[in-house]
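A look at the structure
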Amino acid sequence: MIVYKKKSNQHLITISTSILIFMITVPISVMGQKKKNTAKTEVGRPQYRNLFKEAGYSQDEIEKKVAKAYYDIFEGPNKVYFEEGDALAYVSDVKNKDARTEGMSYGMMIAVQFNKKEVFDRLWRWSVKYMQHQNGPREGYFAWSVNPLTKKQNSPGSASDGELYYITSLLFASNKWGNATGIHYYKEARKILDAMWKKDGTGNVHNIINTVHKQISFVPEGGGYNWTDPSYHVPAFYEIWALYAKDGHEQFYKECAEVSRNFLHNACHPLTGLNSDYTEFTGEPHPTPWMPEGFRYDSWRVPMNVAMDYTWYGKDKKWQEEYAKRFQNFLRSKGLDKFEDQFNLDGSNPDFILQAGTIKKLRHSIGLVATSATASLVNNDKESMDFVHAVWNAKLEPYQDGYFDPYYDGLMYLFSLMHLSGKYQIIVPEVK
């Protein structure tokens, strides 16, 4: 009995020692794993460069610059944002006297980035009330242009970039503010996406994305479904959909992102970096009855979209860096302080000039000054900082001839300041 008891005590001591070692080592192992996972997350997280700070401006100056641009566009005497009653608001293309899904969805993206929930909600409610189709073949889609005074739809059809920005900004709003504060942002994003996937050509209305080519269409109906607009190609947004839409089409969206990146290789001129406003899915220019091929207003957005994709996901860095150098070097060759805003793709002056409002004239537009500066996030050449200084010194005010566009020029300018100050970011779900 004595021997048995001694062995039992030794057995208990062994078990106790094992338990003690387990209790000590497991937390250390878990902590190590947590550190490893955190390190992985940190490595994978985008690095939002503040290029203005790198260019020598103080953070106080930068904050004031960005705040003034927001004030000028949304609150100042030349604003393009107008509130109606207690719950609604619209963004107007004031020179064309309409509200467009482009401006409405841009306004929402800006609002969620700046944590302006009331502005976001007002714009969304106005969009739903006056722009979104609630039935018929276009159900879930938006009329791209509405008269803000009469509320009459100037055109019931959609411009695909409007839906693109609506969906992405709603997903960001869901991540930022949750879905229990008056608007269920996620459900609203899914409503558009689910409606999009139900389009089968009935009424000649299709998916926003041409499902065969996996590219965004110029418009999701009629012949416009079969060609595209390079400035609508925002591969970073498809990556966001793949992460947060959770609608079962994740792999398709990832493939669309890759297709868009490769498409831009073909759409941008190998020497100048310029692209045509409209193209075939191959990247070849698509002339229309109202406009021949050429680099014009829509095209200004391409360098900004490339800069966003480079910063947020960095999956095509080599080509994007080469593109940014080509594009900025071409503009520099035209004079950094005087390059004009429309070109033939080879860089020559166009015979056809696209009118802006009532004005038909080439100019050194602040909108292109702004978007070309965002390419400095991609172009690692030191001299590229000249573009950053150029947009810093630019003023959103009337030109000497009186022309002034606080809408398109203004929104491009504000987006540029957001990118260059590191304030245009992926919005991930809030950790409770």
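Quick note: structure is the one above.
Residues numbered from 1 in each chain as written. Predicted model: local features only at pLDDT ≥ 70, side-chain atom pairs only at ≥ 80, totals over all residues. Heavy atoms only, no water.

Some words on the overall build of the protein chain
Per the secondary structure count, the protein chain includes 14 helices and seven strands. The buried share of the protein chain, taken over its 432 residues, is 53%. Nonlocal contacts in the protein chain, meaning residues at least 24 apart in sequence, comprise 67% of its contacts between residues at least 6 apart. A total of about 19,600 Å² of accessible surface is found on the protein chain, and carbon and sulfur atoms cover 55% of it. (Helix = DSSP H or I, 4+ residues; strand = E, 2+ residues; numbered from the N terminus. Buried < 20%, exposed > 50% of the residue type's maximum accessible area, 1.4 Å probe, protein only. Contact = heavy atoms within 4.5 Å. Areas by Shrake-Rupley, 256 points an atom, 1.4 Å probe, with all protein chains shown as cover.)

A word on helix 14 (residues 408-420)
For helix 14, with 13 residues, the first-to-last C-alpha span of 18 Å sits near the 18 Å given by 1.5 Å per residue. After helix 14 finishes, the residue G422 shows a positive phi value of roughly 80°. (Expected span 1.5 Å × (residues − 1).)

Some remarks on the pairing of strand 1 (residues 81-84)
Both strand 1 and strand 2 (residues 88-93) contribute to a ladder of four bridges, which runs antiparallel. Considered in strand 2, the bridge of Y81 is made with V91. In this antiparallel pair of consecutive strands, strand 1 and strand 2, the connection spans three residues, and G85 shows a positive phi of 60°. (Pairing = 2+ DSSP bridges.)

Points about unusual backbone geometry
In this structure, N204 is a non-glycine residue whose phi angle is positive, near 65°. Assignment of secondary structure puts N204 in the loop between helix 7 (185-198) and strand 6 (209-210).

Brief notes about the pattern of salt bridges
Counted by the stated rule, this structure contains 27 salt bridges. Measuring nitrogen to oxygen at the nearest pair gives 3.8 Å for the salt bridge that ties R301 to D161. In this pair, R301 is assigned in helix 10 (residues 301-312) and D161 in helix 6 (residues 160-177), connecting sequence segments 140 residues apart. Judged on exposure class, the residue R301 and its partner D161 are both buried. Among the charged side chains, a network of salt bridges with common partners joins D93, K95, D98, R100 and D405. (Salt bridge = Lys/Arg side-chain N within 4 Å of Asp/Glu carboxyl O.)

So, the layout of surface pockets
In this model, the largest pocket occupies a volume close to 840 Å³. Along the wall of the largest pocket there are 38 residues; nearest its centre are R100, E102, W144, Y278 and D298. Looking at the lining of the largest pocket, the elements that each hand over two or more residues are helix 4 (101-113) and helix 14. Taken together, the residues that form the lining of the largest pocket break down as 16 nonpolar, eight polar and 14 charged. (1 Å grid on protein atoms, 1.4 Å probe; cavity = no way out; pocket = protein on both sides within 12 Å on 5 of 7 lines; lining within 4 Å. Points joined across faces, edges and corners; volume = space filled by probe spheres on them. Nonpolar A, V, L, I, M, F, W, Y, C, P; charged D, E, K, R; others polar.)

Quick look at the packing of aromatic side chains
Inspection of the entire model under this criterion finds 40 aromatic pairs. Here a set of aromatic residues connected by ring pairs shows up, and it is made of Y106, Y165, F172, F237, W312, F415 and Y424. Residue placement shows K151 over the ring face of Y130; its charged tip is 5.4 Å from the ring centre. Geometry around Y399 places R363 over its ring, the cationic atom sitting 4.8 Å from the centre. (Phe/Tyr/Trp six-rings, centres within 6.5 Å; stacked < 30°, edge-to-face > 60°. Lys NZ or Arg CZ within 6 Å of the ring centre and 35° of its normal.)

Some remarks on the side chain of E102
Tracing the backbone through its elements, the reader meets E102 in helix 4. Not counting the four nearest positions on each side in its chain, E102 is found in contact with D161, R301, Y407 and Y408.

Notes on the environment of Y130
Position of Y130 among the secondary structure elements: in helix 5 (residues 117-130). Spatially, the C-alpha atom of Y130 lies 7.5 Å from that of V146, the residues being 16 residues apart in sequence. For Y130, the residues in contact, after removing those within four places along its chain, are E84, L88, V146, K151 and Q153.

Quick word on the sheet that holds strand 3 (residues 98-100)
Read across the open sheet, the five strands follow the order 1-2-3-4-5; overall the sheet is antiparallel. Because the sheet does not close on itself, it has two edges, and the strands there are strand 1 and strand 5 (153-155). Docked against the sheet, helix 5 engages strand 1, strand 2, strand 3, strand 4 (145-146) and strand 5, running at close to 80° with respect to strand 2. (Axes fitted to C-alpha atoms, helices over the stretch in contact; angles between N-to-C directions.)

Here we look at helix 3 (residues 59-74)
In this model, helix 3 (16 residues) spans 22 Å end to end at C-alpha, consistent with the 22 Å of a helix rising 1.5 Å per residue. Burial in helix 3 covers these residues: I62, K65, V66, A69, Y70, D72, I73 and F74. In this structure, the buried residues of helix 3 make contact with helix 2 (51-54), strand 1, helix 4, helix 5, helix 13 (385-393) and helix 14.

Examining the pairing of strand 2
Among the six residues in strand 2, six count as buried, and that is most of the element. A two-sided burial pattern is seen for strand 2, the buried positions comprising L88, Y90 and S92 on one face and A89, V91 and D93 on the other. By the bridge criterion, two bridges tie strand 2 to strand 3 in an arrangement that is antiparallel. Looking at strand 3, one finds that D93 is bridged to D98. In this antiparallel pair of consecutive strands, strand 2 and strand 3, the connection spans four residues, and K97 shows a positive phi of 55°.

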